[in-house]
Amino acid sequence: MIEDVAETGTGCVAGDEAEDADIRRETCRRGRAVALAPLDVDDAEPVHAWRADPVAAHEVCVWPRALSAVRERIERDRDEPDRDDFLVLLPDGTPIGHIALTDQDMVDGTAEIMLVLDPDHRGRGHGADAVDALVDLAFGELPMHRVQAVTHTTNTAALGVLARSGFVQEGVRRSACLHRGRRYDVAVLALLREEWQAHPAPILGHAGRRTTGFRSSL
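Note that the coordinates shown come from a computational prediction; the quantities given were computed from them, not determined experimentally.

Asker: What's the story with the environment of aspartate 82 in this structure? I'm lost.
Answerer: Relative to the elements of secondary structure, aspartate 82 occurs in the loop between α3 (67-77) and β3 (84-89). The spacing of aspartate 82 and aspartate 103 is 21 residues in sequence and 5.4 Å in space, taken between C-alpha atoms. Residues contacting aspartate 82, with those up to four places away along its chain left out, are Leu101, Thr102, Asp103 and Gln104.

Right under this line is the structure:
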């Protein structure tokens with residue numbers, strides 16, 4: 001599920017760390033101004049805070065959980081073969097979000113993207129940057145043919161950005177999400193490999209990878 005962050009462990013490369021970070025971390029992908037690093041159990045505290053934010057909780061349809069439960073979930077997910085979770089980092093190493101490629105089916109070539117950003121860093125294009133990097137990984141390094149995004153039909157910011165990024169809305173799952181006693185319709189969008197390849201906007205990855213792809217801001 002994608003939250004409203006409006007626009008205004010796979011394929012890691014050793015030595016590609018966030019610049020000027022006090023604690024340098026191995027990163028897997030770079031965008032224009034953010035980098036993705038594998039999510040670790042020690043990242044549970046910021047992830048817990050981001051998930052507890054009312055806007056994120058509403059858009060992602062989650063209930064706030066105890067810090068210990070978030071830590072256990074991260075540790076369990078690290079061993080799941082069908083998902084990759086990353087911390088979104090600024091150039092100085094500041095963590096500002098959690099992004100993941102989930103429900104990966106290597107046979108069918110399908111996956112779903114989810115994103116939660118720190119409330120203080122929304123509306124600056126960082127969500128776009130992180131999604132670009134992760135989708136580039138999904139199509140450029142993994143055998144994905146279709147990447148899906150899901151969000152509330154009322155989340156006009158994310159829907160508009162997804163459309164500009166080449167995602168096509170395939171339909172609406174009516175009354176598919178229950179949050180705090182109210183039901184919401186959910187829009188399902190997807191980007192196919194050939195659409196990603198045809199999109200003219202440049203995309204940034206690590207050396208040796210393709211340099212054209214698409215832009216997104218979630």
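Asker: Looking at this structure, how should I read the nonpolar core?
Answerer: The biggest cluster of nonpolar side chains holds 32 residues, and the ones touching the most others in it are Leu36, Ile99 and Ile113. At the level of secondary structure, the elements contributing two or more residues to this core comprise β3, β4 (95-105), β5 (110-117), α4 (126-140), β6 (146-152), α5 (156-164) and β8 (182-192). Broken down by element, this core gets its largest block of residues, eight residues, from α4. Among the nonpolar cores identified, the runner-up in size contains 13 residues, and Ala37, Leu39, Val70 and Ile74 belong to it.

Asker: Where do I start with the packing of helix α1 (residues 44-52) against α3 in this structure?
Answerer: Between two packed helices, the angle of one axis relative to the other and the distance separating the axes together describe the packing. Contact geometry for α1 and α3: axes closest at 9 Å, N-to-C directions at 115°. On the basis of the axis angle, α1 is roughly perpendicular to α3. In the crossing of α1 with α3, the sense of the turn from one axis to the other is right-handed. When α1 is examined against α3, the residues Ala44, Glu45, Val47 and His48 are found in contact with a partner set consisting of Leu67, Val70, Arg71 and Ile74. Classifying every residue of the contact of α1 with α3 by side-chain character gives five nonpolar, one polar and two charged.

Reading guide: rules and limits
Per chain, residue numbering runs from 1 following the sequence as it is written. The predicted origin of the model limits local features to residues at a pLDDT of at least 70 and limits the giving and counting of side-chain atom pairs to 80 or more, whereas totals for whole chains, interfaces and linings rest on all residues. Hydrogens and water are ignored here; the side-chain numbers use all heavy atoms of the structure. Strands here mean DSSP runs of E at least two residues long; helices mean DSSP runs of H or I at least four residues long; both are numbered from the N terminus. Throughout, a residue-residue contact means that at least one pair of heavy atoms, one from each residue, lies within 4.5 Å. Among buried residues, the Ala, Val, Leu, Ile, Met, Phe, Trp, Tyr and Cys ones that are joined through side-chain atoms within 4.5 Å form a nonpolar core. The classification of residues rests on relative accessible area computed with a 1.4 Å probe and restricted to protein chains. Under 20% of the type maximum is buried, over 50% is exposed, and intermediate values are partly exposed. Axis geometry follows a simple rule: fit a line to the C-alpha atoms, using only the stretch in contact for helices, then measure angles between N-to-C directions, giving values from 0 to 180 degrees. Any angle between 65 and 115 degrees counts as roughly perpendicular, while under 35 counts as roughly parallel, over 145 as roughly antiparallel, and the rest as oblique. By convention, the crossing between two helices is left-handed when the near helix turns anticlockwise from the far helix through less than a right angle, and right-handed when the turn is clockwise. Residue type decides the class: Asp, Glu, Lys and Arg count as charged, Ala, Val, Leu, Ile, Met, Phe, Trp, Tyr, Cys and Pro as nonpolar, and the leftover types, Gly among them, as polar.

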